[in-house]
Amino acid sequence: MDLPADIRALLATAGFLEDEDYNLPGDLNELSSSSVRGFINQTVLKHSAESSALVHVTGPSVIGHSAPLRGIGEFMMTLQSAFDSIGASLEGFKALSGQIPDSVINKTKLSLVASPFPGSVILEIAPSTPRLEDLYPNGEALFDVEKEIGAKPLADSAFAELSRLMGVLSVEQIEQDKFIERLEDLGPRVASSVQGLCDVLDRNEMDVDFRWEEPSGERNEIRVSHSFAKFVSDVIKESDIHTEPVHIEGILVTVTTSDKDRLRIREDLGEGGSKETTLLIGDIPFEQIYGLHTGDRVVVDAERQITTRAGHRSCEKLVGVRIQKIERMSE
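Basis of the calculations
Residues numbered from 1 in each chain as written. Predicted model: local features only at pLDDT ≥ 70, side-chain atom pairs only at ≥ 80, totals over all residues. Heavy atoms only, no water. Helix = DSSP H or I, 4+ residues; strand = E, 2+ residues; numbered from the N terminus. Contact = heavy atoms within 4.5 Å. Areas by Shrake-Rupley, 256 points an atom, 1.4 Å probe, with all protein chains shown as cover. Salt bridge = Lys/Arg side-chain N within 4 Å of Asp/Glu carboxyl O. Buried < 20%, exposed > 50% of the residue type's maximum accessible area, 1.4 Å probe, protein only. Core = buried A, V, L, I, M, F, W, Y, C linked by side-chain atoms within 4.5 Å. 1 Å grid on protein atoms, 1.4 Å probe; cavity = no way out; pocket = protein on both sides within 12 Å on 5 of 7 lines; lining within 4 Å. Points joined across faces, edges and corners; volume = space filled by probe spheres on them. Nonpolar A, V, L, I, M, F, W, Y, C, P; charged D, E, K, R; others polar. Axes fitted to C-alpha atoms, helices over the stretch in contact; angles between N-to-C directions. Parallel < 35°, antiparallel > 145°, perpendicular 65-115°, else oblique. Pairing = 2+ DSSP bridges. Expected span 1.5 Å × (residues − 1). Arc of directions from axis to C-beta. Phe/Tyr/Trp six-rings, centres within 6.5 Å; stacked < 30°, edge-to-face > 60°.

*Asks:* Would you explain the overall build of the protein chain in this entry?
*Replies:* Check the secondary structure of the protein chain and you find 11 helices and 10 strands. For the protein chain, contacts bridging at least 24 residues in sequence account for 65% of all contacts bridging at least 6. Within the structure as shown, the protein chain displays about 18,700 Å² of accessible surface, and the carbon and sulfur contribution to it stands at 51%.

*Asks:* Help me understand the pattern of salt bridges, please; the structure alone is not making it clear to me.
*Replies:* Following the criterion strictly, the structure yields 18 salt bridges and no others. Close ionic contact of D209 with R223 constitutes a salt bridge, the shortest N to O distance being 3.5 Å. Here R223 lies in strand 5 (residues 219–224) and D209 lies in strand 4 (residues 207–213), a separation of 14 residues in the sequence. Using a relative accessible area of 24% as the deciding quantity, one classes D209 as partly exposed. With a closest N to O distance of 3.2 Å, D234 and K230 form a salt bridge. Remark: K230 and D234 occur in helix 10 (residues 226–239); sequence separation between them is four residues, near one turn of the helix. Among the residues examined, D234 registers a relative accessible area of 27% and is labelled partly exposed.

*Asks:* Hey, could you run me through the nonpolar core in this one?
*Replies:* The tendency in soluble globular proteins is for nonpolar side chains to be buried as a group. Of all hydrophobic cores here, the largest spans 44 residues; its most connected members are V57, F75, L79 and F179. Once you skip the residues sitting within four places of it in the chain, F75 turns out to touch V55, L123, L197, V200, L201, M206, V208 and F210. The next biggest cluster of nonpolar side chains, apart from the first, holds 15 residues, and it includes V246, I265, I289 and L318.

*Asks:* In this structure, what is going on with the side chain of Q195? I would like to understand it.
*Replies:* On the secondary structure map, Q195 appears in helix 9 (residues 188–203). Not counting the four nearest positions on each side in its chain, Q195 is found in contact with S233, I236 and K237.

*Asks:* Even after reading the chapter, I still don't get empty space enclosed by the protein, so can you show me in this structure?
*Replies:* A probe as big as a water molecule, rolled over the atoms, marks out the empty space that is left. Counted under the stated rule, the structure contains two cavities of 30 Å³ or more. In this model, the largest cavity occupies a volume close to 50 Å³. Lining of the largest cavity is provided by E50, S51, K107, P127, T129, P130, R131, D134, P153, A155 and D156. Counting residues per element, the ones that place at least two in the lining of the largest cavity are helix 5 (131–135) and helix 7 (154–168). Of the residues belonging to the lining of the largest cavity, the class tally is four nonpolar, two polar and five charged. For the second largest cavity, the calculated volume is near 30 Å³.

*Asks:* Would you mind going over the packing of helix 7 against helix 9 with me for this structure?
*Replies:* In a pair of packed helices, the angle between the axes and the distance between the axes together describe the arrangement. Remark: helix 7 packs on helix 9, axes separated minimally by 13 Å, with the N-to-C direction vectors making an angle of 70°. Put simply, helix 7 runs roughly perpendicular to helix 9. The segment helix 7 lies against helix 9, with L162, L165 and M166 engaging V190, V194 and C198. In the contact of helix 7 with helix 9, the residues fall into six nonpolar, no polar and no charged.

*Asks:* When you look at the pairing of strand 5 in this model, what are you seeing that I'm missing?
*Replies:* Two faces, one strand: in a regular strand the side chains alternate between the faces of the sheet. Side-chain alternation along strand 5 places N220, I222 and V224 on a buried face and R219, E221 and R223 on a face that remains uncovered. The antiparallel hairpin formed by strand 4 and strand 5 contains five residues in its connecting segment, where G217 sits at a positive phi of about 100°.

*Asks:* What is the right way to look at helix 7 in this model?
*Replies:* For the α-helix, the turn length of 3.6 residues means that residues three or four positions removed from each other point alike. With 15 residues, helix 7 extends 21 Å between its outermost C-alpha atoms, agreeing within 8% with the 21 Å of an ideal straight helix rising 1.5 Å per residue. Counting buried residues along helix 7, 12 of its 15 residues qualify, which places the element largely inside the surrounding structure. Here helix 7 has its buried residues at L154, A155, D156, S157, A158, F159, A160, E161, L162, S163, L165 and M166.

*Asks:* Teacher, can you tell me more about unusual backbone geometry here?
*Replies:* Note: most peptide bonds trans; most residues except glycine with negative phi. The phi dihedral of E205 falls on the positive side, at around 50°, and the residue is not glycine. With respect to the helices and strands, the residue E205 is situated in the loop between helix 9 and strand 4.

*Asks:* Before we go on, may I ask you to explain helix 10 in this structure?
*Replies:* In this model helix 10 runs 20 Å from its N-terminal to its C-terminal C-alpha over 14 residues, within 8% of the 20 Å that 1.5 Å per residue would give. If you check which residues of helix 10 are buried, you get A229, V232, S233, V235, I236 and S239. The buried residues of helix 10 occupy one face: seen down the axis, they fall within an arc of 160°. Remark: D240 follows helix 10 within two positions and exhibits a positive phi of approximately 50°.

*Asks:* Would you mind going over the packing of aromatic side chains with me for this structure?
*Replies:* Think of a pair of aromatic rings as described by two things: how far the centres are apart, and how the planes are tilted against each other in angle. All told, the structure shown has seven aromatic pairs when counted by the stated rule. Ring centres of F83 and F159 lie 6.2 Å apart, and the angle between their planes is 35°; this geometry places the pair in the tilted category. Of the two residues, F83 is situated in helix 3 (residues 69–90) and F159 in helix 7; the sequence distance between them amounts to 76 residues. Of the two residues, F83 and F159, neither departs from the other in class, the shared state being buried. For the ring pair F159 and W212, a centre distance of 5.1 Å and an interplane angle of 15° mean the geometry is stacked. Taken together, the positions of F159 in helix 7 and W212 in strand 4 put the pair 53 residues apart, joining distant regions of the chain. What makes W212 buried here is its relative accessible area of 1%. Taken together, the ring pairs in this structure connect F75, F83, F159, F210 and W212 into an aromatic cluster.

Spatial relationships are all this shows, so hold off on functional conclusions.
So, in structure tokens, the structure goes:
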């Protein structure tokens, strides 16, 4: 199409190139979402060089550009709880009971900006703790930890984990087993919080699309319909993941620094009897293992993880939490 010179000049000023091929997205909601993102990026609420996410809320309960306040409120509370529990698990705090340390809560705390458009509700969320404050709590470092060792702020890691969890699950039994195994690794607090999040989506008939974007351009996306959320909740409920503390004392039979191998402890049962207990290294810090040798007497704090699988099969495994050498009394 031949455009007048004044129109060409105006379009050129706006950055339009006549020879460029501009493709519109197939989904108009995606276009609206992009427009909202562009508007947000021009406001003072933009998180410069920070991660952020758009949460696109649709579903039967969304009418026009409004959604039930109670439902949105419950969703945001349970989403924050999921971030907190996953972040705590990644930092080594996996028990269902006990308070999550403030050092973790501060890193997974989210802020919210909301902008609606017809047919859905758009929520923008972003970590409250600045990226550099999370990665460099003691000030400037000698090297770029993101580039050199792939370090990420805890909020980014928590969303990536939530994305992987939802991505691996399907109606196939083998995928359900993978999902449950990962929940076992993360601990019962994560299982409980993810189930709570899914229950809220199911109960309020809300479908959500998450798009989490990091300053590097790396992006994670999840879509959870309220029907899929119910399926996830049922899988977690049926798995019945819980843990109980275990105290083990005995002679160290094997020691390794690989989390794929096990520790073996020979426990004394009295009257000359003994038994060997095998457990995963789990969350035992490397510095506690370093220097231990076969034959050392040790005490181990561990967790027994008990899970119910398909067919009501009960599975157990021991996961280490900490280990300490018992110094022999000199005679």
